[in-house]
Amino acid sequence: MPEFSELASVGAIEDGFDGLGYICSEKIATAVFLAARLGKPVLVEGPPGVGKTELAKTAAALLALPLVRLQCYEGLDEAKALYEWKYGKQLLYTQVLKEQLGDLLQGARGLAESVERLHEFGDIFYSEDFLEPRPLLTAMRHERGAVLLIDEIDKADHEFESLLLETLSDYQVSIPEIGTVRARTRPLVFLTSNNTREISDALKRRCLHLYIPFPSRALEERIVQSRVPEVAAALRQQLVAFVHSLRELDLRKTPAISETIDWARSLVLLHVDELGEDVARSTLNILLKFEQDIETAEASLPELLRAGA
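Residues numbered from 1 in each chain as written. Predicted model: local features only at pLDDT ≥ 70, side-chain atom pairs only at ≥ 80, totals over all residues. Heavy atoms only, no water.

1. Looking at the sheet that holds strand S1 (residues 42-45)
Phase 1 of the analysis: Reading across from one edge, S2-S5-S8-S1-S9 is the order of the five strands in this open sheet, with parallel pairing throughout. Strands with a single pairing partner mark the edges of an open sheet, and in this sheet they are strand S2 (67-71) and strand S9 (208-211). Neighbour to neighbour, the strand axes of the sheet diverge by 20 degrees on average, direction disregarded.
Phase 2 of the analysis: As paired strands, strand S5 (residues 147-151) and strand S8 (residues 188-193) are joined by four bridges and run parallel to one another. Of the residues in S8, the one forming a bridge with Leu-149 is Phe-190.
Phase 3 of the analysis: Those strands touched by helix H3 (residues 52-63) are S1, S2, S5, S8 and S9, and its axis lies near 165 degrees from that of S8. (Pairing = 2+ DSSP bridges. Helix = DSSP H or I, 4+ residues; strand = E, 2+ residues; numbered from the N terminus. Axes fitted to C-alpha atoms, helices over the stretch in contact; angles between N-to-C directions. Contact = heavy atoms within 4.5 Å.)

Below you can see the structure in the form of structure tokens.
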């Protein structure tokens, strides 16, 4: 497994993440620490935009390891996730073989001897020279290890979860033409899910579970301060309180941390010192992505601003 070097405690991981601009809770730091020490993947669940993908990116930066990302989607198969053969290179090899076939079979006595000579090329045709590694296999082939991000696993089919079971249980891949390929160094694995469907029990058993909810006001203020330090303290408190009140409304898409950060940056660019009704109304489209949600928020704007005040 990747080593944490001098980062030997949960608190040290929190500090390391903080230095990289990722403000996390003790619960998140504990999950990362245990995942690295126990050699188990982490299944990170929660609403979109709470920092699930960013967690894997920050862990890779903290450990100075390459980040290998597999974006999941419906229909994802082993050719895109594990490996495939370099068919173009194999075809070129076949052409070379055909050109040399006459010389190769010259003097051969009968079919048996001809076939025996052709077998000399069999192992080369399906070898690692012709193998095109995809994200899962790439992560296992890194000498020092890697951080493997399997993003939005809930968008993939149940069949793909079955494909993952061997990889995440023993950190190995079975390639029929070559055999079993084992990880040189176990990668640190993060699987993210937006809870659009239920993940299978078999996959969950192999993972540590981490749920990242929307942060508390105090934590979100720290996040905004870290990402947008230009925002004055009073305005930062106002906008975070406004967003938290906004999340209590019946919306199609609740604004996430990423929207809070974008809104804070926008208010800085607009030279806003205090959150007022006109500014809030004209910038609601940064927080909300559906016109219906904007109309809902506009109807409750005085109450939202009072909460911010």
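2. Notes on helix H9 (residues 158-170)
Think of an α-helix as turning once every 3.6 residues; residues three or four places apart then point the same way.
Phase 1 of the analysis: In the structure, H9 departs most strongly from a straight axis at Leu-164, where the bend amounts to approximately 30 degrees.
Phase 2 of the analysis: Listed as buried for H9 are Phe-160, Glu-161, Leu-164, Thr-167 and Leu-168.
Phase 3 of the analysis: Positive backbone phi, at 50 degrees, marks Tyr-171, one or two positions downstream of H9. (Bend = angle between axes of the 7 residues up to and from the residue. Buried < 20%, exposed > 50% of the residue type's maximum accessible area, 1.4 Å probe, protein only.)

3. Quick notes on the pattern of salt bridges
Pairing between side chains becomes possible if they bear opposite charge and their charged atoms approach one another.
Phase 1 of the analysis: In this structure the tally under the stated criterion is nine salt bridges.
Phase 2 of the analysis: Note that Arg-184 is salt-bridged to Glu-143, the shortest N-O span being 3.8 Å. Taken as a pair, Arg-184 in the loop between strand S7 (179-182) and S8 and Glu-143 in the loop between helix H8 (135-141) and S5 lie far apart in primary sequence, 41 residues in all. Side by side, Arg-184 and Glu-143 carry an identical accessibility label, which is exposed. (Salt bridge = Lys/Arg side-chain N within 4 Å of Asp/Glu carboxyl O.)

4. Side note on unusual backbone geometry
Phase 1 of the analysis: The backbone phi angle of Glu-152 is positive, close to 60 degrees, even though this residue is not glycine.
Phase 2 of the analysis: Along the polypeptide, Glu-152 turns up in the loop between S5 and H9.
Phase 3 of the analysis: On the accessibility criterion, Glu-152 (17% relative accessible area) is buried.
Phase 4 of the analysis: At His-271, a position not held by glycine, the phi torsion is positive, near 60 degrees.
Phase 5 of the analysis: Along the chain, His-271 falls in the loop between helix H13 (257-269) and helix H14 (277-287).
Phase 6 of the analysis: Owing to a relative accessible area of 69%, His-271 belongs among the exposed residues under this scheme.

5. What about the packing of helix H1 (residues 10-19) against H3?
Phase 1 of the analysis: Contact geometry of H1 with H3 gives a least axis separation of 10 Å together with a crossing angle of 100 degrees. The angle between the axes of H1 and H3 places the two elements in the roughly perpendicular class. Here Ile-13, Gly-16 and Phe-17 of H1 come into contact with H3, specifically with Leu-55, Thr-58, Ala-59 and Leu-62.
Phase 2 of the analysis: When the residues that make up the contact of H1 with H3 are grouped by side-chain class, the tally is five nonpolar, two polar and no charged. (Parallel < 35°, antiparallel > 145°, perpendicular 65-115°, else oblique. Nonpolar A, V, L, I, M, F, W, Y, C, P; charged D, E, K, R; others polar.)

6. Some thoughts on the packing of aromatic side chains
Phase 1 of the analysis: In the structure shown here, the tally under the stated rule is two aromatic pairs.
Phase 2 of the analysis: Judged by centre distance (5.7 Å) and plane angle (85 degrees), the ring pair of Phe-17 and Tyr-22 falls under edge-to-face. For the residue pair Phe-17 and Tyr-22, the accessibility class agrees, reading buried in each case.
Phase 3 of the analysis: When the ring of Phe-242 is compared with that of Trp-263, the centres are 5.2 Å apart and the planes differ by 45 degrees; the resulting orientation is tilted. Residue Phe-242 is found in helix H12 (residues 233-246), and its partner Trp-263 is found in helix H13; the two are separated by 21 residues along the sequence. (Phe/Tyr/Trp six-rings, centres within 6.5 Å; stacked < 30°, edge-to-face > 60°.)

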